[in-house]
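# Notes for the structure review
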Amino acid sequence: MVSRRPASALMRQIFQHCALYRIDWRKIFFAGALMTITGVMLQTLTLPYPLNKWFLSPPVTVSLDEPFNVTIELTNNRVNESRVQQFQLLEAVPNVLLNSPAESNFSVSVEPKIPAVSVQTRKSLSRRRRKSIDVGSKPNHTAPPTAPHKTVPFRLQKFVGSFKPNQALKYARKEINHAPLVTDDPELYAPLFLNISLFKRSYELMETVLKVYIYPDGSRPIFHHPHLQGIYASEGWFMKLMEGNKQFVTKDPEKAHLFYLPYSARQLEMALYVPESHNLKPLSIYLRNYVKKIAAKYPFWNRSHGSDHFLVACHDWGPYTVNEHKELSKNTIKVLCNADLSEGVFVRGKDVSLPETTIRTPRRPLRNIGGGKRVSQRPILSFFAGNMHGRVRPTLLKHWHNKDEDMKIYGPLPARVSRKMSYIQHMKSSKYCICPMGYEVNSPRIIEAIYYECVPVIIADNFVLPLSEVLNWSAFSVIVAEKDIPNLKEILLAIPLKRYLTMQINVKMVQKHFIWNPRPIRYDLFHMILHSIWFNRLNQIQIST
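Predicted model only: the values in this text are computed from it and were never measured. (Residues numbered from 1 in each chain as written. Predicted model: local features only at pLDDT ≥ 70, side-chain atom pairs only at ≥ 80, totals over all residues. Heavy atoms only, no water.)

## Let's talk about the pairing of strand 6 (residues 380-384)
- The element strand 6 is extensively covered by neighbouring structure, given that five of its five residues are classed as buried.
- Here strand 6 pairs with strand 8 (residues 430-436) via three bridges, running parallel. In the strand pairing of strand 8, S382 is matched with Y432.
- With three bridges joining them, strand 6 and strand 7 (residues 407-409) adopt parallel strand pairing. Counted as the bridge partner of F383 is K408 from strand 7.
- One crossover worth recording links strand 6 to the parallel strand 7 by way of helix 15 (residues 393-400), and it is right-handed. (Buried < 20%, exposed > 50% of the residue type's maximum accessible area, 1.4 Å probe, protein only. Helix = DSSP H or I, 4+ residues; strand = E, 2+ residues; numbered from the N terminus. Pairing = 2+ DSSP bridges. Right-handed = clockwise from strand over helix to strand, strands pointing away.)

## A word on unusual backbone geometry
- Cis geometry marks the peptide bond from R220 to P221; its omega dihedral reads 0°.
- Along the chain, P221 falls in the loop between strand 1 (212-214) and helix 10 (233-243).
- Unusually for a residue other than glycine, H224 sits at a positive phi of about 60°.
- Within the fold, H224 resides in the loop between strand 1 and helix 10.
- Of the residues examined, H224 reaches a relative accessible area of 13% and is grouped as buried.
- Backbone geometry places N462, a non-glycine residue, at a positive phi of 70°.
- You can see N462 is positioned in the loop between strand 9 (455-459) and strand 10 (478-479).

## Some words on the confidence of the model for the protein
- Scored by pLDDT, the protein comes out at a mean of 81, with 74% of its residues at no less than 70.
- Contacts from residues 47-146, a stretch scored under 50 in pLDDT, to residues over four places away or in other chains number 165 contacts. (pLDDT = per-residue confidence, 0-100. Contact = heavy atoms within 4.5 Å.)

## Some words on the environment of P520
- Structurally, the position occupied by P520 is in the loop between helix 20 (497-510) and helix 21 (525-540).
- Taking the C-alpha atoms as reference, P520 lies 9.0 Å from N245; in sequence the two are 275 residues apart.
- Excluding its chain neighbours within four sequence positions, the residues that come into contact with P520 are L241, F526 and H527.

## Looking at the packing of aromatic side chains
- Tallied over the full model, the rule gives 25 aromatic pairs.
- Here the aromatic rings of F238 and F310 are separated by 6.2 Å at their centres, their planes lie at 80°, and the arrangement is edge-to-face. Highlighted residues: F238 in helix 10 and F310 in strand 3 (residues 309-313), separated in sequence by 72 residues. Judged on exposure class, the residue F238 and its partner F310 are both buried.
- In textbook terms, an aromatic cluster arises when at least three aromatic residues are bridged by ring pairs, as seen for Y213, Y215, F259, Y298 and F300. (Phe/Tyr/Trp six-rings, centres within 6.5 Å; stacked < 30°, edge-to-face > 60°.)

## A look at the packing of helix 9 (residues 196-209) against helix 21
- Between helix 9 and helix 21, whose axes approach to 10 Å, the crossing angle comes to 90°. What the angle tells us is that helix 9 and helix 21 run roughly perpendicular. Between helix 9 and helix 21, the contacting residues are L198, F199, S202, Y203, L205, M206 and V209 on the first element and H527, M528, L530, H531, W534 and F535 on the second.
- Of the residues in the contact of helix 9 with helix 21, the class split is ten nonpolar, three polar and no charged. (Axes fitted to C-alpha atoms, helices over the stretch in contact; angles between N-to-C directions. Parallel < 35°, antiparallel > 145°, perpendicular 65-115°, else oblique. Nonpolar A, V, L, I, M, F, W, Y, C, P; charged D, E, K, R; others polar.)

## Here's the deal with the nonpolar core
- Core analysis: the largest hydrophobic core is formed by 139 residues, its most contacted members being F238, Y432 and F514.
- Residue contributions to this core peak at nine residues, all from helix 21.
- Residues contacting Y432, with those up to four places away along its chain left out, are L381, S382, F383, C454, V455, V457, V478, L492, I495, Y500 and M503. (Core = buried A, V, L, I, M, F, W, Y, C linked by side-chain atoms within 4.5 Å.)

## Focus on the sheet that holds strand 4 (residues 333-336)
- Taken in spatial order, the five strands make up an open sheet running 1-2-3-4-5, and their pairing is parallel. Here the strands that pair on one side only, and so sit at the sheet edges, are strand 1 and strand 5 (352-353).
- Here strand 1 runs beside strand 2 (residues 258-260); their pairing, made up of three bridges, is parallel. When the bridges of strand 2 are listed, I214 appears paired with Y260.

## Let's talk about the sheet that holds strand 10
- One open sheet holds the five strands; their spatial order is 7-6-8-9-10, and the pairing between them is parallel. With one partner strand each, in any of the chains shown, strand 7 and strand 10 form the two edges of the open sheet.
- Relative to strand 7, helix 15 is tilted by about 135°, and along the sheet it contacts strand 6, strand 7 and strand 8.
- Where helix 20 meets the sheet, its contacts fall on strand 8, strand 9 and strand 10, and the angle it forms with strand 9 comes to roughly 95°.

## Observations regarding the state of the cysteines
- Scanning all chains against the criterion turns up two disulfides.
- Across the disulfide, C314 is cross-linked to C337 (sulfur-sulfur distance 2.1 Å). Taking the torsion about the S-S bond as the criterion, the C314 to C337 disulfide, at about -90°, is left-handed. Of the two residues, C314 is situated in the loop between strand 3 and helix 14 (326-330) and C337 in the loop between strand 4 and strand 5; the sequence distance between them amounts to 23 residues. Assigned by exposure class, C314 and C337 land together as buried.
- For C433, the disulfide goes to C454, at an S-S distance of 2.2 Å. Taking the torsion about the S-S bond as the criterion, the C433 to C454 disulfide, at about 115°, is right-handed. Taken as a pair, C433 in strand 8 and C454 in the loop between helix 18 (445-451) and strand 9 lie far apart in primary sequence, 21 residues in all.
- In this structure C454 comes out as buried when scored by relative accessible area, which is 0%.
- Among the cysteines of the protein that take part in disulfides, numbered as they appear in the sequence, the pairing is 1-2, 3-4.
- There is no disulfide at C435, and the cysteine sulfur nearest it, in C433, is 6.4 Å away. (Disulfide = S-S within 2.5 Å.)

## Overview of the packing of helix 10 against helix 21
- Contact geometry of helix 10 with helix 21 gives a least axis separation of 10 Å together with a crossing angle of 85°. What the angle tells us is that helix 10 and helix 21 run roughly perpendicular. Between helix 10 and helix 21, the residues in contact are F238, L241 and M242 and F526, I529, L530 and I533, respectively.
- Per-class residue counts for the contact of helix 10 with helix 21 are seven nonpolar, no polar and no charged.

Put into structure tokens, the structure is as follows:
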């Protein structure tokens, strides 16, 4: 049996020897931190996903009838199924919690919570910062959740970047056909969408693949000079945010999937139209000559005959400024507020309906958004006030002006009425906001109603609703045919209370998709318009089966 005495003596000797040395804890901490960072970097660079993604079950394939109803095989670069599944996109990171209808008594708030600020902290803030924080109150608009920019794995970027533009579009279209099933998403509210799985996959692929080339040609103010105020501001805001974008814009046209013609229909009208002349031909000729110039200077227009080019025009005359150039009219993707199918210019499935948004203060585009009253505080059944032009509004006034106390239908809002309650207050106090067409099918009241949390009632035959490629408008609006104006009250009263409450919640939830943010965030109006352009471009891609 071995004696313990020598062993204990040896241990005591070793301890005494080690006690003579000082341990440098800073070096040990530094070495540990360096090893941790090295481990994280190795995982990021070697794996297309975080480790937990490798243990998830494969995505469920969604069968889509429209618009993507074919199986795609990539030319020159065929990708087998295992490799396609290897490069699935990351799931969205949860960043906001929405109150459920049951818990909130049909009052859904998407306002960010403002943290409490101590007195000592407030004293250290600058005057400008101090004005923006009000500890005891809520902001005067409903701010959308600020989703961070999505990080795409490096290997996926490299994989998709190896494709030529047309091959990348074919790959994207095939991937959308095999969209993973989405039932619940922290950033998207499923009832608003025709197919949330298809939309989410398409949107993520847009973030990964899409590159846009902006032609530098064209002189101001017609080109590269955004008009940011008034009812036609959508075209200007898109131009401003597109030209300032670093994620989607490329300076190399050979890498571009889309080409942007950066003109403003509003600026074109202000610069060239002769008042009271009723002659739009000079505007069309000017735009025709511009297209001829870029077709002669660059090879990209003639390569596709303009089918991968797009323009954005919110002015009512937008569709009429393209008539002097056949390819511009027939092939180019036209993003128009005046999305009227009856005139033969707007083509459903190729062109995009642009929301008409009234911007009163360009420096504060979110002013007055949200803050609508609860349903119990909305005593007015329906409301409309506006100028009498077009074919629909006189008919509306004829049947409902001063005919029913529940139907607040006016021409221009009378001064005696506006002194008691403003136009915006009327919208915020009404259950339904009537949105009849004017001279053209579009109306800024549709988006105003959404801003003020009033269910829009749209009266405009042949109107393609904005973002209708992905949004289910029946979930948050009522569409009434022009011939049914005499039955308007009966139609509204026939809507069950439960359905109205659901629509009103959906109006609040869809706000984030119709907001211009000075700095764009995911799923806001800038990104939704760009997605519709991308979506419709994919729909044009010819696939060999």
